[in-house]
Amino acid sequence: MIRLFEAMLGALRGGRDAVLCTILASSGSSPRGAGSRMAVFETGETMGTVGGGAVELEAVRQARTLFVSRQSVVRGFELARSEVEDIGMVCGGSVTIYYQFFDHADTRSCEVLSRLVEVLGGQTNAWLLYAIAQGALSQMGLYDEERGMQFFDALTEEALRPMLSTRAVYESGEPIYYVEPIVRRGCVYIFGGGHVGEALCPVLSKVDFSVTMFDNRQRVAQPEVFPQAQQVVLGDYTRIGDFLTLTQDDYAVVMTPGHQSDFEVLEQVLRTPATYIGCIGSSRKVAAVKARLMAAGISEADTARLHSPIGLSIGAQTPDEIAISIAAEMIAHRARRRA
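Residues numbered from 1 in each chain as written. Predicted model: local features only at pLDDT ≥ 70, side-chain atom pairs only at ≥ 80, totals over all residues. Heavy atoms only, no water.

Draft legend 1. Molecular detail of the sheet that holds strand β13 (residues 231-234). Here we have six strands laid out as an open sheet, ordered β13-β12-β11-β14-β15-β16, and parallel in their pairing. What marks the edges here is a single partner per strand, and that holds for β13 and β16 (306-307). (Pairing = 2+ DSSP bridges. Helix = DSSP H or I, 4+ residues; strand = E, 2+ residues; numbered from the N terminus.)

Printed below as a string of structure tokens:
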């Protein structure tokens, strides 16, 4: 998401207008849900997606008309059964899309986007706020737990609070209010920057996890090796608490170069409230590590928190395949936690 808004901000600063297409609500078998978005630029280029196929073709077509009208509009349309079958889907649905026109000469739009990019790069719970009156944008703003409400006075903070959910909230009426969580606190700590760690970092970053890479080898723990990581830490596996603190919102993925260092890291992270803890290894290794952990005083309840062998069982063999299986398990865990 951050790359999309960075691209939009770059276009506006370069003197070019842009249109942001955001799904506010969907039902049935529409391909994407609320919060899916696509930017359309004056050059005809697009970034992001609102579902592909017929939905995206229609979104791009309508977005291009706004470069002439220079207005923001809300449009809803139905995906009839025959239309959906034409693009290979089983049944229809409905989609409500907000087409938001960004004028490069509007300094406020640049200010909002600039702050939005800043928020997306942080670790504070934050929400994107829309008030849409008569089908056109009334206000776009932000709310985060450090600064509160920004660029937005269409609602009081007291009225907004019930809408600050872990899922997008769409309140139809006049005006329409749309409140979407865009940053959820929490970080993925990958302990070990070997082949799988190197493959996992960009995959997790692509699906909106904030990644910190932790390794005890100076040649590995370099920012240029992990450009998608928010942070790269050169540390000691036996003293990870000297370098970081895991909270109940954090994830730990243990894949150091050796069994001993895996055990050392696990003994520490299992004493934290981290929401997800996984360790790479075979079933035989897992059994041996769990026995050592319990002998070291880790409770049976805490060892049961360990996802190991890590990842969904998809027959993964290569580092890239294993990274996908791990990311899939973490996405499922995140979805269950949000629900």
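Draft legend 2. Quick look at the pattern of salt bridges. Counted according to the given criterion, the structure contains 15 salt bridges. Asp17 is paired through a salt bridge with Arg70; the nearest N and O atoms lie 3.0 Å apart. One end of the pair, Asp17, is in the loop between α1 (2-13) and β1 (18-28); the other, Arg70, is in the loop between α2 (53-69) and β4 (73-79), and 53 residues separate them in sequence. For the salt bridge of Asp215 with Arg217, the shortest nitrogen-to-oxygen distance reads 2.8 Å. (Salt bridge = Lys/Arg side-chain N within 4 Å of Asp/Glu carboxyl O.)

Draft legend 3. Broad picture of the environment of Arg271. Along the chain, the position of Arg271 falls in the loop between α7 (259-269) and β15 (276-279). Taking the relative accessible area as the measure of exposure, Arg271 reaches 52% and is therefore exposed. Sequence separation between Arg271 and Leu244 is 27 residues; the distance between their C-alpha atoms is 14 Å. In contact with Arg271, other than residues within four places in its own chain, are Ala296, Gly297 and Ile298. A distance of 3.3 Å separates a polar side-chain atom of Arg271 from the backbone oxygen of Ala296. (Buried < 20%, exposed > 50% of the residue type's maximum accessible area, 1.4 Å probe, protein only. Contact = heavy atoms within 4.5 Å. Polar contact = N/O pair within 3.5 Å; in protein donor to acceptor, adjacent residues only side chain to side chain.)

Draft legend 4. Local environment of the packing of helix α6 (residues 195-206) against helix α10 (residues 319-338). Relative orientation of the contacting elements α6 and α10 amounts to 50°, with a least axis distance of 8 Å. As the angle between them shows, α6 and α10 are arranged oblique. As for the relative orientation of α6 and α10, their crossing is right-handed in sense. In this structure, α6 contributes His195, Val196, Ala199, Leu200, Val203 and Leu204 to the contact, and α10 contributes Pro319, Asp320, Ile322, Ala323, Ile326, Ala327 and Met330. (Axes fitted to C-alpha atoms, helices over the stretch in contact; angles between N-to-C directions. Parallel < 35°, antiparallel > 145°, perpendicular 65-115°, else oblique. Left-handed = near helix turned anticlockwise from the far one by under 90°.)

Draft legend 5. How the structure looks around the environment of Leu24. Mapped onto the fold, Leu24 is located in strand β1. Setting aside anything within four residues of it in sequence, one finds Leu24 in contact with Ala34, Thr96, Tyr98, Tyr130, Ile132, Tyr170 and Tyr178.

Draft legend 6. Just the packing of α7 against helix α8 (residues 283-295), in detail. At a minimum axis separation of 10 Å, α7 and α8 run at an interaxial angle of 50°. Considering their axes alone, α7 and α8 lie oblique with respect to each other. By crossing handedness, the relation of α7 to α8 is classed as right-handed. Across from His259, Gln260, Asp262, Phe263, Leu266 and Glu267 in α7, the residues of α8 making contact are Lys285, Val289, Arg292 and Leu293. Residues that form the contact of α7 with α8 fall into these classes: four nonpolar, two polar and four charged. (Nonpolar A, V, L, I, M, F, W, Y, C, P; charged D, E, K, R; others polar.)

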